[in-house]
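Inside the fold
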Amino acid sequence: MRLVSLAVLALLAAAPPAHAAVNVMATTEDLADLTREVGGDRVKVETIARGYQDPHFVEAKPSFILKLAKADLLVVVGRELEIGWLPPLIQQSRNAKVQVGAEGYLDASLTARILEIPTGQITRAMGDVHPLGNPHYWLDPDNGRRIAKAIADKLSRMAPADASYFASRYADFDKRLAEAEKRWDAMMAPYKGLKVVTYHRSWPNFVDRFGLDVIGYVEPRPGIPPSPGHTIDLIAEMKRQNVKILLVEPYFDLKTPNSIGRETGAKVLVMPPSVGGDKAITDYITLFDHDLALLVAAIKETGAK
Ligand SMILES: [Zn+2]
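Residues numbered from 1 in each chain as written. Predicted model: local features only at pLDDT ≥ 70, side-chain atom pairs only at ≥ 80, totals over all residues. Heavy atoms only, no water.

**Here we look at the overall build of the chain**
A tally of regular secondary structure across the chain gives 10 helices and eight strands. Referenced to the eigenvectors of the C-alpha coordinate spread, the extents of the chain come out at roughly 85 × 40 × 30 Å. Counting over 305 residues, the chain shows a buried share of 50%. Taken as a whole, the chain presents about 14,300 Å² of accessible surface, with 56% of it coming from carbon and sulfur. (Helix = DSSP H or I, 4+ residues; strand = E, 2+ residues; numbered from the N terminus. Buried < 20%, exposed > 50% of the residue type's maximum accessible area, 1.4 Å probe, protein only. Areas by Shrake-Rupley, 256 points an atom, 1.4 Å probe, with all protein chains shown as cover.)

Okay, here's the thing in structure tokens:
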């Protein structure tokens with residue numbers, strides 16, 4: 001009798017889980033982490049762009065096509081962030097589930113708060129890589145919350161038996177994020193209105209959330225490399241407004257930022273905008289912990305106002 005029960009137990013242990021995991025492909029590490037937050041052990045997540053890469057320009061490796069071919073769900077940043085590399089991967093995957101508009105295609109920007117939506121006619125021919133509004137919107141924690149909710153809702157529709165699991169994972173993430181936001185707001189409270197310059201327009205949601213003021217960019221337009229004339233104007237403006245902090249995403253050349261730093265006395269601060277942008281940035285909440293600590297240290301060091 002006892003032997004039989006053990007045999008049954010052994011069989012149960014070897015049985016596959018009641019619900020197979022949803023195979024998710026996320027275009028960035030930020031989306032991948034938010035998917036893991038709400039999906040837990042009911043998802044298997046793969047990522048395309050690494051956090052230390054410029055998400056506008058990613059090499060479309062063939063290995064991604066094979067992974068995408070097996071995906072049940074593709075989560076994208078949208079707003080044309082991935083337009084330079086994702087469409088051929090989707091097409092070549094020949095996976096009907098993840099084609100644009102299919103049930104397994106989730107554009108995370110649709111429920112996020114998007115800034116800098118152009119009012120006039122903007123085309124990519126002008127070199128602007130943000131033609132549909134700013135695609136770096138995950139850098140406001142409230143958008144992280146909205147993205148996590150959209151992913152939880154989508155997973156619940158795809159795997160209804162696990163809906164309560166996803167809902168409770170989302171509720172837990174929401175709670176931890178809200179606690180972290182209190183900590184971040186307290187850190188940044190003394191620095192409202194602090195003037196900074198950034199290399200790329202990666203930070204409008206971030207500065208809006210934390211009360212900073214971006215007075216200029218090293219790039220003349222998003223995606224256009226710095227030009228001597230623009231750099232000279234920027235240096236003059238930084239001197240006039242006494243700007244002491246220049247934020248640079250880790251994937252840009254430091255030659256121009258360093259020369260601007262020398263001319264103006266501003267500190268060049270390399271600050272990753274994504275999970276995985278530094279070894280220490282292992283998840284979405286750590287991203288803000290890491291960046292805000294860097295920023296506050298630089299503010300104290302430079303005496304920036
Ligand atoms: Zn951009």
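**Quick word on the pairing of strand E8 (residues 267–270)**
Relative to E8, strand E7 (residues 245–248) runs parallel, the two being bridged by four bridges. Across the sheet, residue Leu-247 finds its bridge partner in E8, namely Leu-269. On the question of chirality, the crossover connecting E7 to the parallel E8 by way of helix H9 (residues 255–264) is right-handed. (Pairing = 2+ DSSP bridges. Right-handed = clockwise from strand over helix to strand, strands pointing away.)

**Quick look at the side chain of Asn-95**
Relative to the helices and strands, Asn-95 is located in the loop between helix H4 (86–93) and strand E4 (105–107). Reaching out from Asn-95, the side chain makes a polar contact with the backbone oxygen of Ala-69 at a distance of 3.2 Å. Only 2.9 Å separates the side chain of Asn-95 from the backbone nitrogen of Lys-97, close enough to count as a polar contact. In contact with Asn-95, not counting residues within four places along its chain, are Leu-68, Ala-69, Lys-70 and Ala-71. (Polar contact = N/O pair within 3.5 Å; in protein donor to acceptor, adjacent residues only side chain to side chain. Contact = heavy atoms within 4.5 Å.)

**Regarding the sheet that holds E4**
Strand order in the open sheet made by the four strands is E2-E1-E3-E4, with parallel pairing throughout. Of all strands in the sheet, those with a lone pairing partner are strand E2 (43–47) and E4, marking the two edges. Neighbouring strand axes in the sheet, compared pairwise and without regard to direction, differ in orientation by 20 degrees on average. The pairing of strand E1 (residues 22–26) with strand E3 (residues 73–76) spans three bridges and is classified as parallel. (Axes fitted to C-alpha atoms, helices over the stretch in contact; angles between N-to-C directions.)

**Describing empty space enclosed by the protein**
Inspection of every chain in the model, using the stated rule, returns one cavity of 30 Å³ or more. Approximately 70 Å³ is the volume found for the largest cavity. Taken together, Thr-28, Glu-29, Asp-30, Ala-49, Arg-50, Gly-51, Gln-53, Pro-55, Trp-138, Tyr-251, Pro-273 and Ser-274 make up the full set of residues lining the largest cavity. The residue inventory of the lining of the largest cavity, partitioned by class, reads five nonpolar, four polar and three charged. (1 Å grid on protein atoms, 1.4 Å probe; cavity = no way out; pocket = protein on both sides within 12 Å on 5 of 7 lines; lining within 4 Å. Points joined across faces, edges and corners; volume = space filled by probe spheres on them. Nonpolar A, V, L, I, M, F, W, Y, C, P; charged D, E, K, R; others polar.)

**Section: the pairing of E2**
On E2, burial follows the alternation: Val-43, Val-45 and Thr-47 on one face are buried, whereas Lys-44 and Glu-46 on the facing-out side are not. Across five bridges, E1 lies against E2 in parallel orientation. Note on E2: the bridge partner recorded for Val-24 is Val-45. As a crossover connection, the stretch from E1 through helix H2 (residues 29–39) into E2 is right-handed.

**Section: the packing of helix H8 (residues 228–240) against H9**
The contact between H8 and H9 brings their axes to 10 Å, and the two run at 40 degrees. One finds that H8 runs oblique with respect to H9. For H8 against H9, the interelement crossing comes out right-handed. Contacts from Thr-231, Leu-234, Ile-235, Met-238 and Lys-239 of H8 reach H9 at Thr-256, Ile-260, Glu-263 and Thr-264. When its residues are assigned to classes, the contact of H8 with H9 shows four nonpolar, three polar and two charged. (Parallel < 35°, antiparallel > 145°, perpendicular 65-115°, else oblique. Left-handed = near helix turned anticlockwise from the far one by under 90°.)

**Here we look at helix H3 (residues 62–69)**
Every buried residue of H3 is accounted for by Phe-64, Ile-65 and Leu-68. Angularly, the buried residues of H3 cover 105 degrees about the axis, an arc narrow enough to put them on a single face. The outward face of H3, more than 90 degrees from its buried face, is lined by the exposed residues Pro-62 and Leu-66. Looking at the buried residues of H3, the elements they touch are E1, E2, E3 and H4. (Arc of directions from axis to C-beta.)

Coordinates in, geometry out; function isn't part of it.
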